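# Structural overview
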Amino acid sequence: MLDYLIIGGGIAGISAAARLSEHGATLVLEAEAHLAYHTSGRSAALYEQNYGSPSTVALAKAARTDFDGMLSGVLSPRGFLLVCLQGEEAQFEYDLEHMHLSEVAVADAAKLVPILDSSSVIRTASSATARDIDTDMMLQIFARRIHANGGTVETNQQVTAIDKTKQELACDHRKWTI
Ligand SMILES: Cc1cc2nc3c(=O)[nH]c(=O)nc-3n(C[C@H](O)[C@H](O)[C@H](O)COP(=O)(O)OP(=O)(O)OC[C@H]3O[C@@H](n4cnc5c(N)ncnc54)[C@H](O)[C@@H]3O)c2cc1C
């Protein structure tokens, strides 16, 4: 019997499946040979809770509870330096305010990041809250939770069609009882 079908084994699918697996039989179908093959495997792995649109910031802040709980150990300290070139002053001012950054003298920033070209950089700012995400650990924690709850993760399963009948869910050549 299947209660939840998740198509896609990136961080969105795996994290949703981990939570849904608490409530019913869950199946994740991933097209590639392993999880997080696409966008999730290319992330810069930065957790900066004030970065992005208001909805992204709200989600990032909400995730803090998990980072302090089930995902404990996934975050570690990491620097974040915002660089402003000529003509980028307005965006820099916006980010400085909205991301709650602290302005740093360009000379001090160059000491932290020696490859910084201080002849073209006019302003810099840093964040006290930026963290590094161990994205592999995060994915494995969610995947383990799915398995522990009796859920299933199948790779090499690209879904090209879904047909829901009364008792079956047919994804390509495989059928799942629901
Ligand atoms: C260059 C780059 C840097 C980034 N840096 C950061 C960062 O520093 N911090 C941060 O928080 N975010 C960052 N992001 C954003 C973050 O990586 C993405 O928001 C996140 O990985 C999206 O996850 P996802 O699960 O939605 O997508 P994906 O990881 O793309 O997962 C979707 C999955 O669905 C599978 N799939 C698709 N179609 C089917 C099908 N028909 N059947 C079966 N499976 C299917 C795909 O194979 C894939 O594995 C970055 C993104 C990029 C591109």
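Anything mentioned here points back to the structure above.
Worth saying up front: this structure is predicted, and the values here are computed from it rather than measured.

### Things to note about the site of the ligand
Neighbouring the ligand are 21 residues; E30, S40, A44, L46 and V159 lie closest to it. Within the side chain of S40, a nitrogen or oxygen atom sits 2.6 Å from an oxygen atom of the ligand. In the environment of the ligand, a nitrogen atom lies 2.9 Å from a nitrogen or oxygen atom belonging to the backbone of A44. The residue makeup of the shell around the ligand, split by class, is 9 nonpolar, 9 polar and 3 charged.

### Comments concerning the pairing of strand 1 (residues 4-7)
The pairing of strand 1 with strand 2 (residues 26-29) spans 4 bridges and is classified as parallel. Bridging across to strand 2, I6 finds its partner in V28. Between the parallel pair strand 1 and strand 2, the chain is carried across by helix 1 (residues 11-20), and the sense of this crossover is right-handed.

### Notes on the sheet that holds strand 10 (residues 162-164)
Sheet architecture is open: 3 strands sit in the order 10-11-12, paired in antiparallel fashion. Of all the strands in the sheet, the pair left with one neighbour each is strand 10 and strand 12 (174-177). Each adjacent strand pair in this sheet contributes to an overall mean axis angle of 20 degrees, direction not counted. Pairing between strand 11 (residues 168-171) and strand 12: 4 bridges, direction antiparallel. Residue C171 lies in a different strand from strand 12, and its bridge partner there is R174.

What counts and how
Each residue is numbered by its place in its chain's sequence as written, counting from 1. Totals for whole chains, interfaces and linings use every residue, but because this is a predicted model, local features are given only for residues with pLDDT of at least 70 and side-chain atom pairs only at 80 or more, for both listing and counting. Each side-chain value is worked out from all heavy atoms of the structure, with water and hydrogens disregarded. One heavy atom suffices: a residue is near a molecule or strand as soon as one of its heavy atoms comes within 4 Å of it. Counted as a polar contact is a pair of N or O atoms within 3.5 Å, where, for protein atoms, one must be capable of donating a hydrogen and the other of accepting one, and residues adjacent in sequence contribute only when both atoms are in side chains. Ten residues, namely Ala, Val, Leu, Ile, Met, Phe, Trp, Tyr, Cys and Pro, are considered nonpolar, four, namely Asp, Glu, Lys and Arg, are considered charged, and the remaining ones, Gly among them, are considered polar. A strand pair is defined by DSSP finding two or more bridges across the two strands. Put simply, DSSP H or I for four residues or longer makes a helix, DSSP E for two residues or longer makes a strand, and each gets a number counted from the N terminus. Seen with its strands pointing away from the viewer, a crossover is right-handed if its path from the first strand over the helix to the second goes clockwise. In this analysis, axes come from line fits to C-alpha atoms, helices being fitted only over the stretch in contact, and the angle between any two N-to-C directions falls in the range 0 to 180 degrees.

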